[in-house]
Amino acid sequence: GQQLNQSPQSMFIQEGEDVSMNCTSSSIFNTWLWYKQDPGEGPVLLIALYKAGELTSNGRLTAQFGITRKDSFLNISASIPSDVGIYFCAGPAYTDKLIFGTGTRLQVFP
Amino acid sequence: DVKVTQSSRYLVKRTGEKVFLECVQDMDHENMFWYRQDPGLGLRLIYFSYDVKMKEKGDIPEGYSVSREKKERFSLILESASTNQTSMYLCASRKQGVETQYFGPGTRLLVL
């Protein structure tokens, strides 16, 4: 079945550092979604990507839709303490459902 | 802004109790979803609904049922709660034909 592999599993960084994470799929996706989940809360949509090669920014966050359509990348520049949380990628499965990556847990130290 | 609300943030129930988790969305979305989230297992789909009175099994429907009597409301029912149903439950909704799902804040359920 379709799978999403997300890496790294966790990151421990200092405030001000840049962050990069990625997501790879075993099959082609037409949409990539990136969510962030704060501790104890539900996931919140950060960025949606709809076209191969697309690069989209949302403040300090930038996401890219890989040209092979099997991967996507999320970068966070100049991290701050409120960036702490779990970042999930997601894409549509054949059956009209979303598949989620296993998440990247980000910890930011002052 | 899309708003998805869940009836409780925290619940404690006893084994064997019937448990109702309610989810309401205010954006007239056709599709609604129930997930559970467990450490190391990510988000797993329990049930979803394309529209009123419609329901489809997700990946882990055993031990759960759902009800969608009104478009804005999607209920998850644990007929007889068990300790292995202790989890974080997340509801989501989306407009038909659009992949983006919007999540509620979650209900953390503890079954003793």
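None of these values were measured; they are calculated from a predicted model.

Enquirer: Looking at this model, I keep getting lost on the overall build of chain A. Mind explaining?
Expert: Per the secondary structure count, chain A includes zero helices and eleven strands. In chain A, the order of α-helices and β-strands from amino to carboxyl end is β-β-β-β-β-β-β-β-β-β-β. The C-alpha atoms of chain A give a radius of gyration of 13 Å, which matches the 13 Å a tight globule of 110 residues would have. By its C-alpha atoms, chain A is 40 × 30 × 20 Å across when sized along the principal axes. By the burial criterion, 48% of the 110 residues in chain A qualify as buried. The contacts in chain A between residues at least 6 apart in sequence include a share of 53% that link residues at least 24 apart. Total accessible area computed for chain A in this model is approximately 5200 Å², and 52% of it derives from carbon and sulfur atoms. Positive and negative charge centroids in chain A, built from 7 and 9 side chains respectively, lie 10 Å apart.

Enquirer: Just checking my understanding: could you explain the nonpolar core for this structure?
Expert: Note on soluble globular proteins: their nonpolar side chains tend to be buried together. Counting residues in hydrophobic clusters, the biggest one holds 24 residues, and the most contacted among them are Trp32, Trp34, Leu74 and Leu106 of chain A. Of all elements in the fold, only strand S2 (10-14), strand S3 (19-25), strand S4 (32-37), strand S5 (44-49), strand S7 (61-65), strand S8 (71-76), strand S9 (85-92) and strand S11 (104-109) of chain A reach the threshold of two or more residues within this core. With 20 residues, the next largest nonpolar core counts Ile60, Tyr64, Val66 and Val111 of chain B among its residues.

Enquirer: Help me understand the pattern of salt bridges in this model?
Expert: It is possible for side chains bearing opposite charge to pair when their charged atoms get close. Residue and element names in this part refer to chain B. Under the definition given, this model contains eleven salt bridges over all chains. Note that Lys71 is salt-bridged to Asp28, the shortest N-O span being 3.2 Å. Placement of Lys71 in the loop between strand S7 (65-70) and strand S8 (73-78) and of Asp28 in the loop between strand S3 (19-25) and strand S4 (31-38) is noted, with a sequence separation of 43 residues between them. Connected via shared salt-bridge partners are Asp28, Glu30 and Lys71.

Enquirer: What am I meant to see in the state of the cysteines here?
Expert: Residues and elements named next belong to chain A. Applying the stated criterion to the full structure yields two disulfides over all chains. Two residues, Cys23 and Cys89, share a disulfide whose sulfurs are 1.8 Å apart. Here the S-S torsion is close to 40°, and the disulfide linking Cys23 with Cys89 is therefore right-handed. Of the two residues, Cys23 is situated in strand S3 and Cys89 in strand S9; the sequence distance between them amounts to 66 residues. In this pair, the class of Cys23 matches that of Cys89, namely buried.

Enquirer: So what exactly am I meant to see when it comes to the packing of aromatic side chains here?
Expert: Centre distance and the angle of the planes are the two values used to describe a pair of aromatic rings. Taken as a whole, this structure holds eleven aromatic pairs over all chains when the rule is applied. Between the aromatic rings of Tyr35 of chain A and Phe100 of chain A, the centroid separation amounts to 6.0 Å while the plane-to-plane angle is 50°, which identifies the pairing as tilted. Of the two residues, Tyr35 of chain A sits in strand S4 while Phe100 of chain A sits in strand S10 (residues 98-100), which places them 65 residues apart along the sequence. Here Tyr35 of chain A and Phe100 of chain A have matching classes, each one buried. Ring geometry for Phe48 of chain B versus Tyr50 of chain B: centroids 5.3 Å apart, planes at 85°, classification edge-to-face. What makes Tyr50 of chain B partly exposed here is its relative accessible area of 22%. Taken together, the ring pairs in this structure connect Tyr35 and Phe100 of chain A together with Phe33, Tyr35, Phe48, Tyr50 and Phe103 of chain B into an aromatic cluster.

Enquirer: What exactly am I supposed to notice about the interface of chain B and chain A here?
Expert: Interface size, as often reported, equals the accessible area lost upon joining of the parts. Between chain B and chain A, the contact holds 20 residues from the first and 18 residues from the second. Summed over the shared surface of chain B and chain A, the number is two salt bridges. Among the ionic pairs, Glu41 of chain A bridges to Arg9 of chain B, the shortest N-O distance being 3.2 Å. If you list the elements that add at least two residues to the side of chain B that touches chain A, you get S4, strand S5 (42-49), strand S9 (87-94) and strand S10 (102-103) of chain B. Here the side of chain B that touches chain A is composed, by residue class, of ten nonpolar, five polar and five charged.

Criteria and cut-off values
- Residues numbered from 1 in each chain as written.
- Chains lettered and ligands numbered in written order.
- Predicted model: local features only at pLDDT ≥ 70, side-chain atom pairs only at ≥ 80, totals over all residues.
- Heavy atoms only, no water.
- Helix = DSSP H or I, 4+ residues; strand = E, 2+ residues; numbered from the N terminus.
- Rg over C-alpha atoms; globule rule 2.2 N^0.38 Å.
- Buried < 20%, exposed > 50% of the residue type's maximum accessible area, 1.4 Å probe, protein only.
- Contact = heavy atoms within 4.5 Å.
- Areas by Shrake-Rupley, 256 points an atom, 1.4 Å probe, with all protein chains shown as cover.
- Lys, Arg positive; Asp, Glu negative; His and termini not counted.
- Charge placed at Lys NZ, Arg CZ, Asp CG, Glu CD.
- Core = buried A, V, L, I, M, F, W, Y, C linked by side-chain atoms within 4.5 Å.
- Salt bridge = Lys/Arg side-chain N within 4 Å of Asp/Glu carboxyl O.
- Disulfide = S-S within 2.5 Å.
- Phe/Tyr/Trp six-rings, centres within 6.5 Å; stacked < 30°, edge-to-face > 60°.
- Nonpolar A, V, L, I, M, F, W, Y, C, P; charged D, E, K, R; others polar.

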